[in-house]
Amino acid sequence: MRRRLGRDVLFKVLMYVAACVALLPLSLVVGYTIANGWQAAVQPDFYLHFERPEGIPGAGVQHAIVGTLELVGMASLLAIPVGILAGTHLAEYRQHRWATWVRLAGDVLVGTPSIAIGLFAYALLVAPFHHFSAFSGAGALAVLMLPVVMRTTEGALLLVPPGLREAGLALGLPRWRVALHLMLRAALPGVVTGALLAVARAAGETAPLLFTAFGNRRLVFNPAEPMPALPLTVFHNALTPYKDLQQQAWGAALLLVVLVLIVNLGSRLALRRQIAFAGRGL
Amino acid sequence: MASATVSTAQASARRPPPEGFRVFTALVAAAAPLSLLAIVVVLAQQAWPAITHFGPGFLVGRAWNPVTAEFGALPYIFGTLVTSFLALVVALPVGVGVALFLAEASRPRLRATIGIGVELLAAIPSVVYGIWGLYVLAPWLYHHVEIPLNDHFPNLPLFGGTPRQTSILTAVVVLAVMILPTLSAVSRDVIKAVPNGLREGAYALGATWWETTWRVVLPAARAGIFGASVLALGRALGETIAVTMVIGNRPDIQPSLFAPAYTLASVVANEFTEATGQLYSTALIELGLVLVATTLVVNVAALLLVRTVDRG
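Residues numbered from 1 in each chain as written. Chains lettered and ligands numbered in written order. Predicted model: local features only at pLDDT ≥ 70, side-chain atom pairs only at ≥ 80, totals over all residues.

Draft legend 1. Focus on the overall build of chain A. Scanning chain A from terminus to terminus reveals eleven helices and zero strands. Secondary structure of chain A in N-to-C order comes out as α-α-α-α-α-α-α-α-α-α-α. Counting only C-alpha atoms and orienting by the principal axes, one finds that chain A spans roughly 70 × 65 × 35 Å. Out of the 282 residues belonging to chain A, those deemed buried represent 53%. For chain A, contacts bridging at least 24 residues in sequence account for 73% of all contacts bridging at least 6. (Helix = DSSP H or I, 4+ residues; strand = E, 2+ residues; numbered from the N terminus. Buried ≥ 20, exposed ≤ 12 C-beta atoms within 10 Å, placed from the backbone. Contact = placed C-beta atoms within 7 Å.)

Draft legend 2. Representation of the overall build of chain B. Counting its regular elements, chain B contains 13 helices and two strands. Scaling as 2.2 N^0.38, a compact globule of 312 residues should have a C-alpha radius of gyration of about 20 Å, whereas chain B reaches 25 Å, well beyond that. Among the 312 residues that make up chain B, the fraction classed as buried is 47%. A sequence separation of at least 24 residues applies to 76% of the contacts in chain B between residues at least 6 apart. (Rg over C-alpha atoms; globule rule 2.2 N^0.38 Å.)

Draft legend 3. Representation of the interface of chain A and chain B. Contacts between the two partners involve 73 residues from chain A and, on the opposite side, 65 residues from chain B. Mapped by element, the contributors of at least two residues to the side of chain A that touches chain B are α1 (2-41), α3 (62-92), α4 (97-111), α5 (114-126), α6 (134-159), α8 (175-186), α10 (230-238) and α11 (243-281) of chain A. When residues of the side of chain A that touches chain B are assigned to their parent elements, the largest contribution, 19 residues, is made by α1 of chain A. Residue classes in the side of chain A that touches chain B are distributed as 56 nonpolar, ten polar and seven charged. (Nonpolar A, V, L, I, M, F, W, Y, C, P; charged D, E, K, R; others polar.)

Draft legend 4. Looking closely at α6 of chain A. Between its terminal C-alpha atoms α6 of chain A stretches 37 Å, which fits the 38 Å expected from 26 residues at 1.5 Å a residue. For α6 of chain A, the principal kink sits at Met145 of chain A and spans about 30°; a proline, Pro147 of chain A, occurs within the next four residues. (Expected span 1.5 Å × (residues − 1). Bend = angle between axes of the 7 residues up to and from the residue.)

Draft legend 5. Spatial organisation of the packing of helix α7 (residues 162-170) of chain A against α8 of chain A. Residues and elements named next belong to chain A. The N-to-C vectors of α7 and α8 enclose an angle of 155°; their axes lie 10 Å apart at closest approach. With respect to their mutual orientation, α7 and α8 come out roughly antiparallel. Viewed along their axes, α7 and α8 form a crossing whose handedness is right-handed. Two secondary-structure elements touch here, α7 through Leu164, Arg165, Gly168 and Leu169 and α8 through Val178, Leu182, Met183 and Ala186. Along the lines of polarity and charge, the residues of the contact of α7 with α8 split into six nonpolar, one polar and one charged. (Axes fitted to C-alpha atoms, helices over the stretch in contact; angles between N-to-C directions. Parallel < 35°, antiparallel > 145°, perpendicular 65-115°, else oblique. Left-handed = near helix turned anticlockwise from the far one by under 90°.)

Draft legend 6. Broad picture of the nonpolar core. Residues Met145 of chain A together with Ile131, Val174 and Ile179 of chain B are the most contacted members of the largest nonpolar core, which totals 190 residues. Here the element with the most residues in this core is helix α7 (residues 168-193) of chain B; it accounts for 17 residues. Discounting residues that sit within four places of it in the chain, Ile131 of chain B has contacts with Val234, Ala238, Ala249, Trp250 and Ala253 of chain A together with Met245 of chain B. (Core = buried A, V, L, I, M, F, W, Y, C linked by C-beta atoms within 7 Å.)

Draft legend 7. Looking closely at helix α4 (residues 74-104) of chain B. Taking 1.5 Å per residue as the helical rise, α4 of chain B with its 31 residues ought to reach 45 Å, and the 43 Å between its terminal C-alpha atoms agrees with that figure. Residue Ala91 of chain B marks the point of greatest curvature in α4 of chain B, where the axis turns by about 40°; the proline Pro93 of chain B follows within four residues.

Draft legend 8. Representation of the environment of Ala167 of chain A within the structure. Along the chain, Ala167 of chain A falls in helix α7. For Ala167 of chain A and Leu182 of chain A, which are 15 residues apart along the polypeptide, the C-alpha to C-alpha distance reads 9.8 Å.

Draft legend 9. Summary view of the confidence of the model for chain B. All names here are of chain B. Looking at chain B as a whole, the pLDDT averages 90, with 93% of positions reaching at least 70. Taken element by element, the predicted model of chain B shows its lowest mean pLDDT in helix α1 (residues 2-13) (49) and its highest in helix α11 (residues 241-246) (96). Contacts for the low-pLDDT stretch residues 1-9, under 50 throughout, to residues beyond four places or in other chains number zero contacts. As a predicted assembly, this complex carries a pTM of 0.92 together with an ipTM value of 0.93. (pLDDT = per-residue confidence, 0-100.)

Draft legend 10. Broad picture of the environment of Gly277 of chain B. Position of Gly277 of chain B among the secondary structure elements: in the loop between α12 (264-271) and α13 (278-311). Along the primary structure Gly277 of chain B and Leu86 of chain B are separated by 191 residues, whereas in three dimensions their C-alpha atoms are 35 Å apart.

Draft legend 11. Geometry of unusual backbone geometry. Non-glycine residue His130 of chain A carries a positive phi angle of around 65°. Notably, Asn249 of chain B is not glycine yet its phi reads approximately 50°, a positive angle. Along the chain, Asn249 of chain B falls in the loop between α11 and α12.

Draft legend 12. Region of interest: the packing of helix α5 (residues 108-123) of chain B against α7 of chain B. Residues and elements named next belong to chain B. Packing of α5 against α7 leaves a shortest axis separation of 8 Å and a crossing angle of 130°. Overall, the two elements α5 and α7 adopt an arrangement that is oblique. The handedness of the crossing between α5 and α7 is left-handed. Between α5, through Val118, Glu119, Leu121 and Ala122, and α7, the contact on the second element is made entirely by Val177, Leu180, Pro181, Ser184 and Ala185.

Set out below in structure tokens:
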């Protein structure tokens, strides 16, 4: 009996150890990114200037910040409305066969390698026009964001008490008004945070941009031109042998990590409030 | 009775067509399956010149020479499979441990903290893992794992050769960290879905927590945990940027863990923009197609596995 209890305690301890081991890499990655990136990220030049030739001080990543904003903004305009409507369909017509297929396709699309989505966007949006462009990068990011927005919208709608839908239908409202004006409005905080999570994810993607947006050393606003982005800056500068370019890479990595942390922790807080609210509604 | 049958028959004959809203959103929702289909079709069409030129021999060819236009996928397939499977082996025990913790540990506060931590692990961009792996993890592994093992077991091929910072080992560790969230989140759901009656039955028979977990809960969740592993494997196979930065990017097939290698996704990421000549770039697209086809099969299989379990 003592041996059995001993083994019980041993494996309980091992379970706690596994949980701590899982937190170790997170703290290491975030810790080292802050330690290596803050020096670059606290200088105003970092946000006010764009890339300069190696060795000349005062270089920054302004062009990449603007590029990421532009790329992710265009991708969001495409992916978020489509994703929300598709998610509404999945939640409203859950049991239908088409919804099952769409759900499966969405889950498979989430797992599709992002580099393949980059090749796809290259074939459709770069090769026919013979030059890299922000449009093609945004297209690739939109394909990545779509299934995320769709599934989080569906999840948020499922949290809304079904009584609301029944009440609306009982009052004689058409289905589209019930879905959009009652259900979607009630689920709005969840839908918005889902969209924000997708935006944060798209902002950190590198692989789909390699042969679409391609990167640029200057500040550009024209979406038909090659466009820089923060992840591309991290990727290219980290692999150079120059110390100050590596510094820039760490600084850009820090910006990405901060963005991801803010969006994820913030959405968690907002969602918790919504779940509490939904609970009171019952 | 007869009249009732008639009236239902009439009702179904007069059933209105599906309302516009349903048709419209169904069409919008088609974006997801259509994108998936289009990715496969477009890549296959783009890779067609290479497919017809090299035939099935492409998959087992070991040469990669753009000058003589000889291309073979074997070193890349080797690198992709080896790094992904080893990462899964490393991450699986930890992932299941975390899943058990998230599903069963009694301290809700601590559980929530670990849960948030694991979720954040999934949210960190791949390129950040890459820069961390390259500048922090790779030197550490080199000095504290590769050199000592290489010194102690100079004759073991697994630890042989000349140790390098960017190696299969570094890629495996980075990948293991990156698939841990998928593994533990899906396993947690599966473990939670195990009916409580099974646990109570085991406790009632006098089993300890561990005996209940090992002999009852985990066997009941086996298929789902397998599904979670396959899903995580799919993520590892397709991971691009982080692996590209730490694997050394050399198309070799060596037995040593400390040797550099190359993966399907990495070679596409590195060489596609520089590929000159139709055969070279289509060969790269064919590598991408091989990757997509593999992850597609792996993902569908995993999702079906996890879903059957969730349904009970």
